[in-house]
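Observations on chain architecture
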Amino acid sequence: MVIKELENKLKQKDIRPTAMRLLVLEALSGQEAAISLSDLEKAFEKSDRVTLFRTLKTFQENGLVHSIDDGTGAPKYALCEEGCECNIERDLHVHFHCRVCSETFCLPKYKIPEIDLPDKFKGEEANLVVKGVCGKCAG
C-alpha cells in the first residue's frame, strides 16, 4: 500500500498517523494470516514491544483490527474487513487454525450465527475457531 492510502485508512478510524502506526498497518496489510505480538516483534526487531502492543490495542479499540483467541495462548491480530464494526450481532466470523503450520486465518464469508441469549445475559464477545489442516499444508 502507498503511504497516503495507509494514512487515510488510519484517519478514517480516527487514529493519528505516526511512523510506527503506518509501519504496523503496512505489515498487517501484507499478511494472509493473523499474527501475534511476537510475530510482529520479530518483523520489527528494533522496536519496543510495549509500543507495538499499544499500537495493536489502539487499532483494536478503533475497529481497525480484531483479536483472535485461537487456543494457542497468544492472541492473534488481523485487519477488519471494510465496514466492520466488530459488532457481536453482525460482524463476527469463523477463524481457522492450522495444526501443521500454526497459522490462523480469518474466514469472513463464514459468519458466526446469532445466538439468542437468555434474558439479562449480554454477550460481549464470541469466538469460533475451526482447527485442522490448511490448504497450503494439505498438499
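Presented here is an overview of the structure given in this document. This one's a predicted model, so the numbers in the text were calculated from it and none came from an experiment. (Residues numbered from 1 in each chain as written. Predicted model: local features only at pLDDT ≥ 70, side-chain atom pairs only at ≥ 80, totals over all residues. Heavy atoms only, no water.)

1. Let's talk about the sheet that holds strand 1 (residues 35-36)
Note the following rule: Between any two strands, at least two bridges found by DSSP are needed for them to pair. To qualify as a helix, a DSSP run of H or I must reach at least 4 residues; to qualify as a strand, a run of E must reach at least 2; elements of each kind are numbered from the N terminus.
Taken in spatial order, the three strands make up an open sheet running 1-3-2, and their pairing is antiparallel. Two strands close off the open sheet at either side, each with one partner strand: strand 1 and strand 2 (65-68).

2. Some remarks on the packing of helix 2 (residues 19-29) against helix 4 (residues 49-61)
Put simply, the test is: Simply put, an axis is a line fit to the C-alpha atoms, just over the touching stretch for a helix, and the angle between two N-to-C directions goes from 0 to 180 degrees. Angle categories: roughly parallel below 35 degrees, roughly antiparallel above 145, roughly perpendicular from 65 to 115, and oblique for all the rest. Contact definition: two residues touch when any of their heavy atoms are within 4.5 Å. Only Asp, Glu, Lys and Arg are considered charged, only Ala, Val, Leu, Ile, Met, Phe, Trp, Tyr, Cys and Pro nonpolar, and every remaining residue, Gly among them, polar.
Two elements in contact, helix 2 and helix 4, have axes separated by 10 Å at closest approach and are oriented at 70°. Considering their axes alone, helix 2 and helix 4 lie roughly perpendicular with respect to each other. Across the interface between the two elements, Met-20, Arg-21, Val-24, Leu-25 and Leu-28 of helix 2 pack against Thr-51, Leu-52, Thr-55, Leu-56, Thr-58 and Phe-59 of helix 4. Taken together, the residues of the contact of helix 2 with helix 4 break down into seven nonpolar, three polar and one charged.

3. Some thoughts on the pairing of strand 5 (residues 104-111)
Across five bridges, the pairing between strand 4 (residues 93-98) and strand 5 is antiparallel. Bridged to Phe-96 within strand 5 is Phe-105. Joining the antiparallel neighbours strand 4 and strand 5 is a turn of five residues, in which Ser-102 adopts a positive phi near 65°.

4. Observations concerning the pattern of salt bridges
To keep it simple, the criterion reads: By definition here, a salt bridge exists when the distance from a side-chain nitrogen of Lys or Arg to a carboxyl oxygen of Asp or Glu is within 4 Å. Note on exposure labels: buried denotes an accessible area under 20% of the residue type's maximum, exposed denotes more than 50%, and partly exposed covers the range between, all computed with a 1.4 Å probe on protein chains only.
Taken as a whole and judged by the stated rule, the model has five salt bridges. Glu-41 is the salt-bridge partner of Arg-49, the closest N and O atoms lying 2.5 Å from each other. For Glu-41, a relative accessible area of 25% gives the class partly exposed.

5. Re the packing of helix 1 (residues 3-12) against helix 2
Their axes nearest at 10 Å, the elements helix 1 and helix 2 cross at an angle of 100°. Here helix 1 is positioned roughly perpendicular relative to helix 2, judged by the angle of their axes. Touching Ile-3, Leu-6, Glu-7, Lys-9 and Leu-10 of helix 1 are Arg-21, Leu-22, Leu-25, Glu-26 and Ser-29, all from helix 2. For the contact of helix 1 with helix 2, the per-class residue count stands at five nonpolar, one polar and four charged.

Function-wise, these values are silent; they only describe arrangement.
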